[in-house]
Amino acid sequence: MTQHQQDSAVGTTSPGPELGPTGRPSREFPDPAALASHGPARIIALCNQKGGVGKTTTTINLGATLAEYGRRVLAIDFDPQGALSAGLGVQTHDVPTIYDLLLSRQFEPKDAIQRTSVEGLDVIPANIDLSAAEVHLVTEVAREQILAGVLRRVSADYDVILIDCQPSLGLLTVNALTASHGVIIPLECEFFALRGVALLIETIDKVRDRLNPAIELDGILATMYDARTLHSREVLERVVDAFGDKVLETVITRTVKFPDATVAATPITEFAPEHQASKAYRQLARELVFRGAVA
Ligand SMILES: Nc1ncnc2c1ncn2[C@@H]1O[C@H](COP(=O)(O)OP(=O)(O)O)[C@@H](O)[C@H]1O
Ligand SMILES: [Mg+2]
């Protein structure tokens, strides 16, 4: 008996496929085919008005793994806290940031784009200046469409643009949703995870009605999952009951490696390439290509 057969023989009474954490048969998604050419980008917002659910971590590591698979990726730091910029180790002061691109047409997006340690993953940084943007944008013409206008100018150079949203449903997040083809909602497997998701979905529906008819919910990503706790398993079960196939099959487990990678200012996939979390983010990249959310 192989180790794998032993593992699946223990604890299962009826034969059948081994089930993954979302209750569907576990499977490996195929490696994405190489791309013959690049762009235009599909734009995806990572969005949840709750903080600490894994938006930034997912933007960094999904960006890095898609780049590993040969995709050209641009990550947009759209949170004044600048955690994405810090996590990718790029400059945020004395350089043009996303704030400058929103506020002035004097800047070209390419002036603000920085390379990261990951080949194929670029970033437009943010800093605390961005917190003033909402106030300035309120009086602009078509104030919800300003980010979309900025991203149109770089879309041809990338296969995917990931927007790391701030934890709010204000004008910046509405700009992100208006600019996007798809949304991924990271959801922490914790008490009250579902609280607030209805309001987020309502916001997405309003944006679809009024500003961006094409926007799709690409998926709900369960994060901070701990298979050892009944609680985590119950939360995930409720999420699957509520959202069915919209729940991505890939689940991100809670691990202390993430804070370590944050300190190292690098994706976990570079910091600990063989760690289970790195493998999970590769699986997420493959699943999104398989589902057609990414080229
Ligand atoms: N799967 C995980 N396991 C453990 N810690 C995580 C995980 N994902 C993220 N973290 C940590 O949790 C904190 C919040 O994550 P972050 O991605 O910044 O959330 P958000 O952007 O939604 O506020 C960070 O310190 C991050 O390192
Ligand atoms: Mg964040």
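These numbers come from a predicted model, not from an experiment.

Reading guide: rules and limits
- Residues numbered from 1 in each chain as written.
- Chains lettered and ligands numbered in written order.
- Predicted model: local features only at pLDDT ≥ 70, side-chain atom pairs only at ≥ 80, totals over all residues.
- Helix = DSSP H or I, 4+ residues; strand = E, 2+ residues; numbered from the N terminus.
- Rg over C-alpha atoms; globule rule 2.2 N^0.38 Å.
- Buried ≥ 20, exposed ≤ 12 C-beta atoms within 10 Å, placed from the backbone.
- UniProt positions renumbered as here; feature names shortened; annotations may be inferred.
- Pairing = 2+ DSSP bridges.
- Contact = placed C-beta atoms within 7 Å.
- Core = buried A, V, L, I, M, F, W, Y, C linked by C-beta atoms within 7 Å.
- Near = placed C-beta within 6 Å.
- Right-handed = clockwise from strand over helix to strand, strands pointing away.

Re the overall build of the protein
Of the regular secondary structure elements, the protein holds 13 helices and 7 strands. Relative to the 2.2 N^0.38 estimate, which gives 19 Å for 295 residues, the radius of gyration of the protein is 19 Å and therefore close to what a compact globule would have. Across its three principal directions, the C-alpha atoms of the protein cover 65 × 35 × 35 Å. A total of 295 residues make up the protein; the buried ones form 45% of that total.

Describing the UniProt feature "domain: AAA" (unreviewed entry) in the protein
In the numbering adopted here, UniProt assigns the feature "domain: AAA" (unreviewed entry) to residues 42-216. The distance separating the terminal C-alpha atoms of residues 42-216 is 11 Å; by composition the span is 37% helix and 18% strand.

Structural notes on the pairing of strand β2 (residues 73-78)
The buried fraction of β2 amounts to 6 of the 6 residues, a majority that puts the element mostly inside the structure. Relative to strand β4 (residues 121-124), β2 is paired through 4 bridges, and the arrangement is parallel. Opposite Ile76, over in β4, you have Ile124 as the bridge partner. Summarising the sheet, β2 and strand β5 (residues 160-165) pair through 6 bridges and their orientation is parallel.

Here's the deal with the environment of Lys55
Along the chain, Lys55 falls in helix α2 (residues 55-68). Judged by C-beta crowding, with 29 C-beta atoms within 10 Å, Lys55 ranks as buried. Considered as a pair, Lys55 and Thr223 are 168 residues apart in the sequence and their alpha carbons are 9.4 Å apart. Each residue touching Lys55, except ones within four places of it in the same chain, is listed here: Leu46, Asn48, Asp164, Cys165 and Pro186.

Let's talk about helix α8 (residues 171-179)
Most of α8 sits inside the fold, with 8 of its 9 residues counted as buried. Taken together, the buried positions of α8 are occupied by Leu172, Thr173, Val174, Asn175, Ala176, Leu177, Thr178 and Ala179.

Remarks on the nonpolar core
Within the largest apolar cluster, 84 residues are counted, with the highest numbers of intra-cluster contacts made by Ile98, Ile161, Leu162, Ile163, Ala176 and Ala222. Element by element, the count of residues in this core is highest for helix α13 (residues 276-290), at 7 residues. Non-local contacts of Ala222, meaning those with residues more than four positions away in its chain, are made with Leu187, Cys189, Leu236, Val239, Val247, Val251 and Ile252.

Considering the sheet that holds strand β3 (residues 114-115)
Taken together, the 7 strands give an open sheet; going across it, the order is β3-β4-β2-β5-β1-β6-β7, and neighbouring strands pair in mixed fashion. Each of the sheet's edge strands pairs with one partner strand only, and the pair in question is β3 and β7 (216-223).

So, the site of ligand 1
Near ligand 1 there are 17 residues, and of these Lys55, Thr56, Thr57, Arg254 and Phe258 occur at the shortest range. Only α2 and α11 (257-263) provide two or more residues apiece to the shell around ligand 1.

Thoughts on the pairing of strand β6 (residues 182-188)
β6 sits mainly inside the fold: 7 of its 7 residues count as buried. Alternating positions in β6 separate into two faces, Gly182, Ile184, Pro186 and Glu188 on one and Val183, Ile185 and Leu187 on the other, with burial throughout. As paired elements, strand β1 (residues 42-46) and β6 share 3 bridges and run parallel to each other. Bridging across to β6, Ala45 finds its partner in Val183. Relative to β7, β6 runs parallel, the two sharing 7 bridges. Residue pairing for β7: Ile184 is matched across the bridge by Gly219. This β-α-β element, β6 to helix α9 (residues 197-210) to β7, shows right-handed connectivity.

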